[in-house]
Amino acid sequence: FLGRLCFYGLQPWGRSHWRAGNLDRAIALYRQGTQRDPDNAQGWLDLGLIYSELGDEDAALESWITGYEYEQNGELAWQMARVYHRRDQLETAVSYYQDCAAAQLHEDQTYGFLGDCFFALQRWSLASQTYSQALAYGTNHPPERYYQLGLAFVKQGRPMEAVAAY
C-alpha cells in the first residue's frame, strides 16, 4: 500500500516532466515509482512510451513486458504487439494482438494488424476472418485491407467472396 501511495505521488511529477520534454527526469521518476510499486501497469506503460519516444525500442519493450507480467493490460499488449509486428516476430505479435482483441482494444486496427500477421504467415482462413472483423469496425479503412481480404479469399479458392471484397 505504501509503495502504491508513493508511486501515485511520483506519477504526476513524472508525467509533467514527460509533457515538458524533460524525458531523462521523467524516466528517473517513473523508474523510481515502478521500483516502489512494481505492479502498477500504468507506470510501466508510461515508462515504455517515454523510452519509445526516445527511440529506445528495446528499453520500451522491456518496460512493457515487465508491466505485463504484473497485469495483463490491453494497452501494454497493444504496444508489445506493435513492436513484435515491426520486428517480424509474427507469432508473438499474434498472441498480443489476440489479447488486445479479447480486451476489445483498438478493434479495427487490432483485427487489421492481426489479419496482416495471418496473411504473412499464409494462414488464409484466419486472415480472411480477421480482415472481415476489422472491416466490421469503423468506416475509415485503408484500401489495401479490402485487397488483402480478397487475396485471402482467392488463396482459399473462394473467388466470389474475393470479388465482393474488391
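On a predicted model such as this, the values are computed, not experimentally measured, just so you know. (Residues numbered from 1 in each chain as written. Predicted model: local features only at pLDDT ≥ 70, side-chain atom pairs only at ≥ 80, totals over all residues. Heavy atoms only, no water.)

A.B. asks: Could you give an account of the overall build of the chain, with specific residues and numbers?
C.D. replies: If you tally the helices and strands in the chain, you get ten helices and zero strands. Taken from N to C terminus, the helices and strands of the chain fall in the order α-α-α-α-α-α-α-α-α-α. Each of the 166 residues in the chain was classed as buried or not, and the buried ones make up 46%. With the model as given, the accessible surface of the chain reaches about 8800 Å², and the carbon-plus-sulfur share is 50%. Between the averaged position of the 13 positive side-chain charges in the chain and that of its 20 negative side-chain charges there is a distance of 2 Å. (Helix = DSSP H or I, 4+ residues; strand = E, 2+ residues; numbered from the N terminus. Buried < 20%, exposed > 50% of the residue type's maximum accessible area, 1.4 Å probe, protein only. Areas by Shrake-Rupley, 256 points an atom, 1.4 Å probe, with all protein chains shown as cover. Lys, Arg positive; Asp, Glu negative; His and termini not counted. Charge placed at Lys NZ, Arg CZ, Asp CG, Glu CD.)

A.B. asks: Outline the packing of helix 7 (residues 107-120) against helix 9 (residues 143-155), listing residues and values.
C.D. replies: Between helix 7 and helix 9, the shortest axis-to-axis distance is 11 Å and the interhelical angle comes to 40 degrees. Regarding the angle of helix 7 to helix 9, the classification is oblique. The chirality of how helix 7 crosses helix 9 is left-handed. Between helix 7 and helix 9, the contacting residues are Gly112, Phe113, Asp116 and Phe119 on the first element and Arg145, Gln148, Leu151 and Ala152 on the second. The residue makeup of the contact of helix 7 with helix 9, split by class, is four nonpolar, two polar and two charged. (Axes fitted to C-alpha atoms, helices over the stretch in contact; angles between N-to-C directions. Parallel < 35°, antiparallel > 145°, perpendicular 65-115°, else oblique. Left-handed = near helix turned anticlockwise from the far one by under 90°. Contact = heavy atoms within 4.5 Å. Nonpolar A, V, L, I, M, F, W, Y, C, P; charged D, E, K, R; others polar.)

A.B. asks: Account for the state of the cysteines, with residues named and values stated.
C.D. replies: The tally for this structure, following the rule as stated, stands at zero disulfides. No disulfide involves Cys100; its sulfur sits 11 Å from the nearest other cysteine sulfur, which is in Cys117. (Disulfide = S-S within 2.5 Å.)

A.B. asks: Could you give an account of the nonpolar core, with specific residues and numbers?
C.D. replies: Counting 45 residues, the largest nonpolar core has Ile50, Trp64, Met80, Tyr96 and Tyr97 as the members making the most contacts within it. Not counting residues up to four positions away in its chain, the partners in contact with Ile50 are Trp18, Leu23, Ala26, Ile27 and Tyr30. (Core = buried A, V, L, I, M, F, W, Y, C linked by side-chain atoms within 4.5 Å.)

A.B. asks: Give a description of the side chain of Ser128 that names residues and reports values.
C.D. replies: Looking at where Ser128 falls in the secondary structure, it is placed in helix 8 (residues 124-136). Of note is the side chain of Ser128, whose polar atom sits 2.9 Å from the side chain of Gln156. Apart from the residues lying within four places of it in its own chain, the contact partners of Ser128 are Leu149, Ala152, Phe153, Gln156 and Arg158. (Polar contact = N/O pair within 3.5 Å; in protein donor to acceptor, adjacent residues only side chain to side chain.)

A.B. asks: Break down the pattern of salt bridges for me, citing the residues and quoting the values.
C.D. replies: A full pass over the atoms with the stated rule returns six salt bridges. Taking the shortest distance from any N to any O, the salt bridge between Glu57 and Arg86 comes out at 2.8 Å. Residue Glu57 is located in helix 4 (residues 57-70), and its partner Arg86 is located in helix 5 (residues 74-86); the two are separated by 29 residues in the primary sequence. According to the relative accessible area criterion, Glu57 is partly exposed, its value standing at 26%. On the basis of relative accessible area, Arg86 is assigned to the partly exposed category, the value being 49%. Between Arg158 and Glu161 there is a salt bridge, with its nearest N and O atoms 2.5 Å apart. Arg158 gets classed as partly exposed once you look at its relative accessible area, which sits at 28%. In this structure, a network of salt bridges that share partners links the residues Glu57, Asp58, Arg86 and Arg87. (Salt bridge = Lys/Arg side-chain N within 4 Å of Asp/Glu carboxyl O.)

That's the geometry; what it means functionally is another story.
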